[in-house]
Amino acid sequence: MEFVTQKYSIPDEPMKPFIDPDEITCILKNAKPDKRLISDIIDKSLAKTRLSMQETAVLVNATDPDHIQMIKDGARKLKENIYGNRIVLFAPLYIGNKCQNNCTYCGFKASNKNTVRKTLSDNEITHEIEALEDNGQKRLILVFGEHDQYDADYIAHCTKLSYSVKKGNGEIRRVNINAAPLDIEGYRKVKEAGIGTYQVFQETYHPEAYKTYHIRGKKADFGYRLTSLDRAQEAGLDDVGIGALFGLYDWKYEVLGLVRHTNHLEACYNIGPHTISFPRIKDASMLKMGTKYMVSDSDFAKMIAVLRLAVPYTGLILTAREPAELRKECLNYGVSQIDGGTKLELGSYSHTRNEEQNLNKGQFRINDNRSLNEIIDELLEQNMLPSFCTACYRLGRTGEHFMEFSVPGFIKRFCSPNAILTLGEYLLDYAVEETAQKGWQVIEKNINELPDEKIRTKLRERIAEMKNGKRDLYF
Ligand code: SAM
Ligand code: SF4
C-alpha cells in the first residue's frame, strides 16, 4: 500500500512546523459535499487508501442526514471488513498532577490553587498497580502534568517500576505514556525503559487559538509541541499517539489538523501515528471555558466516523470522558481502544471504589464510571471481543495497526487468536461468574469463525494449557 503524497503550502521537513491555518481553512471552505462524491470517497477508503485533506473535508462538511448516514455506514463497514470485532482495553494511571503550565481548560493548571497537588511515591505507585492488576488490567497509560520533576528519567523510572509489579497472575505488559514533550535524548531514555506509545496531544492545530489557551509555561510554544513527535521519531521511538482536544476551536478544522499531522509523520518518517485521540473538554476544577466550539454528541459521532475513513490504518482511542451510551454507539464506527474501570484521582485505584469523583483531585470529570468487568460484560453482549493483547509490541512487530490493515490474514492469524487468549486469561482470573459464562461462549463462537483449522487447533490447545495454570500465551 502506498501513502498518498500531496503538495502542501509548507513542505514537510523533519522537525519543522507544518501547519498552515489558511490552507486548512481554505480546503474546508472549498469542500462541497454531494452524494456521488461522498460515495466515491468512501469507496476509496474501503479500498484501503488514506484520504486526502480535500476528501476528508468533503466528509467533514456533510450535513444532509442521508450523507451522514452514508459516512457512518462506510465507517462501520470498514471496521467490520478490516478490523473485525476486537476492542483493546487499557487504564490510565495518573502519577503526578504538579504542573508549570496554565492551560485554560485543565484542572491541573498552575494557577488553580484548589487542586490538591500530589506525586505518587514508589510505594503508592506499586499499590495502584497491584489494584489495577487485581482488576485484570494488562495495559496502562501513565499520565503526568508538565513539571521539571517529571523529566525523562522519572518517566523511565515509573515505566520500569510499573513493569516490575506482579501480583498473583497479574502483570502489566504494556506501559504507554501521556506527558509533556521531550527532547530527543529524553525520548531515547523512555524508549529504553520499554514504553509502548508516547502520546502528545496538540490540543488545537490553530496557532492563534492555541495562544489564547496557553499563555505561560513551556506549553506556550506551539511549534515545539507540534514537532514533539518528530523528535520521538528522531530518537527511534516510532510508536507515537497524536490528538486534539475538541472544544478549543472549530472541530472540522481540528480533524484536518490531525490528518495533516498524520501526513507529515508519514512524509518525513514513513510511519504514521499509532493512535489518534479526540478528547472533548469536560468539567474540571476552576474551568471557565466558552461554549462556542463545544462539539455536540451528534457531531462527535460523525467526526469519529470521518476519522475512521480518513486514516483507516490508525488506532482510534475513545476514553471514559464520554458517557457509556455514546461510547457504545461510537464503537461501531471504528474505535479500536477504550479505557475501562477508569479513575483519575491520584491514588484512587487502591482506595475504596464508588468514591464520589472529587474535581479538586482529578484532571477533569469522567462520564463513564463503570468497572472494567461491567465494560467487558457489555462488550460481550454487543458481540465484541475484548482484548488485552500486547503480543506485537513484545515481539517487536511495531506498526501493528498498519499490519493489521495491510497484511492479508494478519488479524485472523494473530490479532483474533491473541484477543481470545487474553480474554480467556481475564475470564479465568478476574471475571464475575456471569461474565465468565458469556465470555467463554463468545470465545467459542470466535474460534469457530477462524478460517484456518491449524490455528483453531493450536488455540484450543493453548486455552487448555491456560486452564491448567499457564499464562501469557500468544501468537
Ligand atoms: N501535561 C501533559 C500535556 O499537557 O501534554 C499531559 C497531558 S494531560 C495530563 C492529558 C490531556 O488531557 C491533555 O493533553 C488534554 O488534551 C486533556 N485535557 C486537559 N484538560 C481536559 C478537560 N478539562 N477535559 C478533557 N480533557 C482534558
Ligand atoms: Fe498541565 Fe497538561 Fe493540564 Fe496543561 S493539560 S495544565 S500541561 S497537565
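Residues numbered from 1 in each chain as written. Chains lettered and ligands numbered in written order. Predicted model: local features only at pLDDT ≥ 70, side-chain atom pairs only at ≥ 80, totals over all residues. Heavy atoms only, no water.

**Focus: the site of ligand 1**
(1) Moving on: The immediate surroundings of ligand 1 are formed by 21 residues, with Tyr105, Glu203, Lys219, Arg225 and Lys282 found nearest.
(2) Moving on: One nitrogen or oxygen atom from the side chain of arginine 225 is found 2.7 Å from an oxygen atom belonging to ligand 1.
(3) Moving on: Contact distances for ligand 1 include 3.0 Å between a nitrogen atom and a side-chain N or O atom of arginine 321.
(4) Moving on: Its free accessible area being 570 Å², ligand 1 has 96% of it covered by the protein chains.
(5) Moving on: For the shell around ligand 1, the per-class residue count stands at 11 nonpolar, three polar and seven charged. (Near = heavy atom within 4 Å. Polar contact = N/O pair within 3.5 Å; in protein donor to acceptor, adjacent residues only side chain to side chain. Areas by Shrake-Rupley, 256 points an atom, 1.4 Å probe, with all protein chains shown as cover. Nonpolar A, V, L, I, M, F, W, Y, C, P; charged D, E, K, R; others polar.)

**Quick word on the side chain of arginine 139**
(1) Moving on: Tracing the backbone shows arginine 139 in strand S2 (residues 139-144).
(2) Moving on: Here arginine 139 is buried and forms no salt bridge, its nearest opposite-charge partner glutamate 400 lying at an N-O distance of 5.6 Å.
(3) Moving on: Looking at arginine 139, its side chain comes within polar contact range of the main-chain oxygen of cysteine 389, at 2.4 Å. (Helix = DSSP H or I, 4+ residues; strand = E, 2+ residues; numbered from the N terminus. Buried < 20%, exposed > 50% of the residue type's maximum accessible area, 1.4 Å probe, protein only. Lys, Arg positive; Asp, Glu negative; His and termini not counted. Salt bridge = Lys/Arg side-chain N within 4 Å of Asp/Glu carboxyl O.)

**With respect to the packing of aromatic side chains**
To describe a pair of aromatic rings, one takes the distance between the centres and the angle between the planes.
(1) Moving on: Inspection of the entire model under this criterion finds 15 aromatic pairs.
(2) Moving on: Taking the centre distance of 5.0 Å and the plane angle of 80° together, the rings of tyrosine 187 and tyrosine 198 count as edge-to-face. Within this pair, whereas tyrosine 187 is found in helix H7 (residues 184-192), its partner tyrosine 198 is found in strand S6 (residues 198-199), the two being separated by 11 residues in sequence. There is no split in this pair, since tyrosine 187 and tyrosine 198 are both buried.
(3) Moving on: Between the aromatic rings of phenylalanine 410 and phenylalanine 414, the centroid separation amounts to 4.9 Å while the plane-to-plane angle is 45°, which identifies the pairing as tilted. Remark: phenylalanine 414 and phenylalanine 410 occur in helix H17 (residues 410-429); sequence separation between them is four residues, near one turn of the helix.
(4) Moving on: Using a relative accessible area of 3% as the deciding quantity, one classes phenylalanine 410 as buried. (Phe/Tyr/Trp six-rings, centres within 6.5 Å; stacked < 30°, edge-to-face > 60°.)

**A look at unusual backbone geometry**
In terms of backbone geometry, most residues other than glycine have negative phi values and most peptide bonds are trans.
(1) Moving on: Phi at lysine 48 takes a positive value of approximately 70°, unusual for a residue other than glycine.
(2) Moving on: For lysine 48, the location among the structural elements is in the loop between helix H2 (35-46) and helix H3 (53-60).
(3) Moving on: Relative accessible area serves as the criterion here: at 31%, lysine 48 is assigned to the partly exposed category.
(4) Moving on: Look at asparagine 270: it is not a glycine, yet its phi comes out positive at around 65°.

**Quick notes on the domain arrangement of the chain**
(1) Moving on: Domains assigned within the chain are domain 1 (80-394) and domain 2 (411-467).
(2) Moving on: Placing the centre of domain 1 and that of domain 2 at their C-alpha centroids yields a distance of 28 Å.
(3) Moving on: Contacts between the two partners involve 26 residues from domain 1 and, on the opposite side, 20 residues from domain 2.
(4) Moving on: Here domain 1 and domain 2 share an interface that buries about 1900 Å² over both sides, 56% of which is from carbon and sulfur atoms.
(5) Moving on: Looking only at domain 1, the three residues that lose the most surface to domain 2 are Asn373, Leu380 and Leu385, adding up to 29% of its buried area.
(6) Moving on: In this structure, the connection of domain 1 to domain 2 is made through 12 residue pairs in polar contact (both at pLDDT 80 or more).
(7) Moving on: Of all the secondary-structure elements, those providing two or more residues to the side of domain 1 that touches domain 2 are helix H4 (65-83), helix H5 (122-135), helix H14 (372-381) and strand S11 (385-387).
(8) Moving on: For the side of domain 1 that touches domain 2, the residue count by class is 11 nonpolar, eight polar and seven charged. (Domains from an automatic or database assignment. Contact = heavy atoms within 4.5 Å. Buried area = accessible area lost by both parts, 1.4 Å probe.)

**Section: the environment of leucine 51**
(1) Moving on: Structurally, the position occupied by leucine 51 is in the loop between H2 and H3.
(2) Moving on: Remark: the alpha-carbon pair of leucine 51 and histidine 274, spanning 223 residues in sequence, is separated by 17 Å.

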